[in-house]
Each structure stands twice: as C-alpha cells, then as structure tokens.
Amino acid sequence: MTHEIVVIPGDGIGQEVTPAAVDVLRALDLEFEFVEADAGDAVAEETGEPLPQETYDLAATADATLFGAVGETAADVILPLREAVGSFVNIRPAKAYPGVDALRPETDLVFLRENTEGVYAGHEDRLTQDVSTLTRVVTESASRDLAEFACDYVSDDYDGFTIAHKANVMRETDGLFRDTVAEVAEENGVETDEVLMDAFATHVCLDPAQFEVVVCPNLAGDVLSDLAAGLVGGLGLLPSANVGPERALFEPVHGSAPDIAGEGVANPAATIISAAMLLEYLGYDDEAAAVESAVEATLEEGPRTPDLGGDASTEDVTQAIIDRL
Ligand SMILES: NC(=O)C1=CN([C@@H]2O[C@H](COP(=O)(O)OP(=O)(O)OC[C@H]3O[C@@H](n4cnc5c(N)ncnc54)[C@H](O)[C@@H]3O)[C@@H](O)[C@H]2O)C=CC1
Ligand SMILES: CC(C)CC(=O)C(=O)O
C-alpha cells in the first residue's frame, strides 16, 4: 500500500533539514509518495497567505505530514496545520545521546503536551493604550483526550506520568486540567504525581532522571521542552509528533533559525528523528528503529554539525546517516 506523505519544508533551515529527512525516508525504499507543499513567510510575501488552502487540505487528508519550520508566520501556519490533522497531543521526547556534549547526559524524558488550547486558543485584545488581555481556554474534553492518550502511552514501558501545571495560580483553568488528567489516570489505574511547572523547571535541570513522562498544558509543554533541549545539547536534537485520531504531523521542535539559514550547517537530527516517529506511526517499526540507531551512531561517532561542536554540513551528516542505514 502506498502512503501519501505531505512534505512542507517552510522557511530558513526548514528548506535544508526537511529534504535531508526525505532523503533518509527515500533510502528505505518504502512505498511512499511525497507531495511537496508550501507554507510560511516566503509564500506569504508572494501571495499574502502564509498557509495556502491547498496545503491545509493536503495535510488534512494525507497519511502523514512532515513539516520543517517557518519564520514569523509560525502561529498562522503550524497552529492551523495541527488542527488540520486533528492533533490533540504533541509528543516531544527529549533525550541525551552518547557522544553528544550535554549539560545533563542522564536526561531521557517525554513531554505529552496538550495541543489545541490554553493560550494558543485564546483571544488577545488591546483594550486601551495601557491594557491588553488574553483569554486562556481549558476544557475538560481536551484534557480528557490528552489524559486518555497519556494512559495508553505509558501502559507498556512506564510506571505512570507526572502532571505539570500551575493550578495554584490558574485555579480554574489549570485546576480543571490537573483534576481531569488525574481523574482519567485513576479511572485507568495509572499512577500519577504532580508538580508545579515553575518548580519542574528547576527540578528537571538539577535531576532530570526523576522524570519520565510529563503531561502538561500547551504553553508549558512548549517552553519546558525547549528548556529540556538545552539539557541534552540543543534544539537540533528535539523531534516531535502532533498526533490526532486519524492522522499526524511530524516536525522538529526548532524554528527556522535565521541566524544559520542558508549556510548548509543546520543539524538535521531533529527532523530525521521526527521522520523516524512518522515511520513508527505508519507501522514501520523496524525501519523507525533502524533510522534512530543510524542517527544515534552518527551523533556518537560523527560527523557532527557545528551546534554539536563539529564542522560537518547538513549534507555530510545526512549522508553518514544514510550510509549507516
Ligand atoms: N514550528 C515552527 O515553525 C517554529 C518557528 N519559529 C520561528 O523561527 C524563527 C526563529 O526563532 P528562534 O526563536 O530563533 O528559534 P529557532 O529554533 O529557530 O532557533 C533558536 C536557536 O537554535 C539554533 N537552532 C535551531 N535549530 C537548529 C538546528 N537544527 N541546527 C542547529 N542549530 C539550530 C538556531 O541557530 C538559534 O541559535 C522565528 O521567526 C519563529 O517565529 C520558532 C519556533 C517554532
Ligand atoms: C510559534 C509557535 C506557533 C510554534 C511553537 O513554538 C510551538 O507551539 O511549537
């Protein structure tokens, strides 16, 4: 059966790391049909529209989508695309790799981030010259969907999960989130503990090994996973999967990195590991494991891009991964 994979490279280093991941997928010789689609700052400049309807429709109907990164139009592109695939959870693994200089080499955790609401679904208003406001949205149903996914996610390999929240201040919104997630876990016989997200930021820096799976609201998941990227060696290493009931979109956690775009030195690892998550999602478990271990071997033995202290190009690293497959 042929799978249609929509590929959206986007802007900046998205144009460099996305083709690298597609080259790795092509090297596996699976029955994939790649359909490239536009989105981002460059398209917006040309057409006035950062996310063409055609791109949205392709993502909404494809078996899976691989997304690179966009620039200033990120909120106008990636949020609707997550909605197009019906994604209610953003899975963000953050782990250190042998051979990579990491602040906390013992880090190996996974964020399960709520992916539809919080401040991302909020409405901002400028009420007066002095006052602006933001309405934050939390629903029992979205918290329940995330919690049910989390219970399923931990069922084989983990004892339970940690709920990170700030319900001591946001009593209604994060209170509803925390209570709903804890209730669903209890219904499913899954153990949980909880931590205030500000305290989590300290604990994860001092002792990341105490955390395995962390379930959190949308913005907290975004910020805390970037923090975890800092513990393991940088944003070039963090992949993610936006999963919905019927389809999914895979993307590195990083953005378009204008400071290095065009130099051909972006680390492709985050996007290639995202592609491995795509393979696993489509049921190609052996191929996913092969890609992951080729990435791991390359991170350990080189070549490495400058963000990891090396001097190799994106292309060199990608070719080394393909050679190891
Ligand atoms: N999902 C998306 O498309 C996202 C887009 N953005 C957009 O990206 C643009 C730049 O945002 P920043 O805050 O600078 O975040 P960024 O993630 O693009 O870059 C932060 C830092 O990490 C480095 N970095 C990121 N990915 C790397 C890689 N693969 N290899 C080596 N180094 C890497 C960059 O060089 C930079 O120093 C903004 O316009 C922002 O809106 C930001 C986050 C997510
Ligand atoms: C700019 C944002 C919409 C992208 C981002 O950082 C995220 O939510 O993952």
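The structure presented is a predicted model; accordingly, all values stated were derived computationally and were not measured. (Residues numbered from 1 in each chain as written. Chains lettered and ligands numbered in written order. Predicted model: local features only at pLDDT ≥ 70, side-chain atom pairs only at ≥ 80, totals over all residues. Heavy atoms only, no water.)

A cis geometry characterises the amide bond from G302 onward to P303, with omega recorded as 0°. With respect to the helices and strands, P303 occurs in the loop between α10 (285–301) and α11 (314–324). Phi at D29 takes a positive value of approximately 60°, unusual for a residue other than glycine. Its location among the elements puts D29 in the loop between α1 (14–27) and β2 (32–36). Although it is not a glycine, A257 sits at a positive phi angle of roughly 45°. (Helix = DSSP H or I, 4+ residues; strand = E, 2+ residues; numbered from the N terminus.)

What follows deals with the sheet that holds strand β5 (residues 108–114). The sheet built from 10 strands is open, its strands ordered β2-β1-β3-β12-β11-β4-β5-β10-β8-β9 with mixed pairing. Of all strands in the sheet, those bounded by a partner on one side alone are β2 and β9 (191–196). Shown here is a sheet whose adjacent strand axes are inclined to one another by a mean of 25°, direction ignored. Where strand β1 (residues 3–10) meets β2, five bridges bridge the pair, whose relative direction is parallel. Among the inter-strand pairings, E4 is bridged to a residue of β2, identified as E33. Its contacts with the sheet place helix α5 (residues 140–154) against β4 (89–95), β5, β8 (160–165), β10 (213–216) and β11 (239–243), and it is angled at close to 155° to β5. Running at roughly 95° to β9, helix α7 (residues 197–206) makes contact with β5, β8, β9 and β10 of the sheet. (Pairing = 2+ DSSP bridges. Axes fitted to C-alpha atoms, helices over the stretch in contact; angles between N-to-C directions. Contact = heavy atoms within 4.5 Å.)

With that settled, consider the pattern of salt bridges. In total, this model carries 14 salt bridges according to the counting rule given. Residue R104 pairs with E106 through a salt bridge whose shortest N-O separation is 3.6 Å. A relative accessible area of 35% means that E106 is categorised as partly exposed. Three or more residues are tied together by salt bridges with common partners; here these are R144, E148, E183 and E187. (Salt bridge = Lys/Arg side-chain N within 4 Å of Asp/Glu carboxyl O. Buried < 20%, exposed > 50% of the residue type's maximum accessible area, 1.4 Å probe, protein only.)

The next thing to look at is the domain arrangement of the protein. According to the domain assignment, the protein consists of domain 1 (1–97 + 232–324) and domain 2 (103–231). Between the C-alpha centres of domain 1 and domain 2 there is a distance of 24 Å. At the interface, 20 residues of domain 1 touch 25 residues of domain 2. Carbon and sulfur atoms make up 57% of the area that domain 1 and domain 2 hide from each other, which totals about 1700 Å². Three residues, F88, R92 and V232, lead the burial of domain 1 against domain 2; their summed loss comes to 34% of the area buried on that side. Applying the counting rule to domain 1 against domain 2 returns one salt bridge. Of the charged contacts, one joins D222 and R92 as a salt bridge, the two residues approaching to 3.2 Å between their closest N and O atoms. At the boundary of domain 1 with domain 2, the tally comes to 13 residue pairs in polar contact (both at pLDDT 80 or more). For the side of domain 1 that touches domain 2, the secondary structure elements donating two or more residues are α4 (74–84), β4 and β11. The element that contributes the greatest number of residues to the side of domain 1 that touches domain 2 is β4, accounting for seven residues. The residue inventory of the side of domain 1 that touches domain 2, partitioned by class, reads 12 nonpolar, five polar and three charged. (Domains from an automatic or database assignment. Buried area = accessible area lost by both parts, 1.4 Å probe. Polar contact = N/O pair within 3.5 Å; in protein donor to acceptor, adjacent residues only side chain to side chain. Nonpolar A, V, L, I, M, F, W, Y, C, P; charged D, E, K, R; others polar.)

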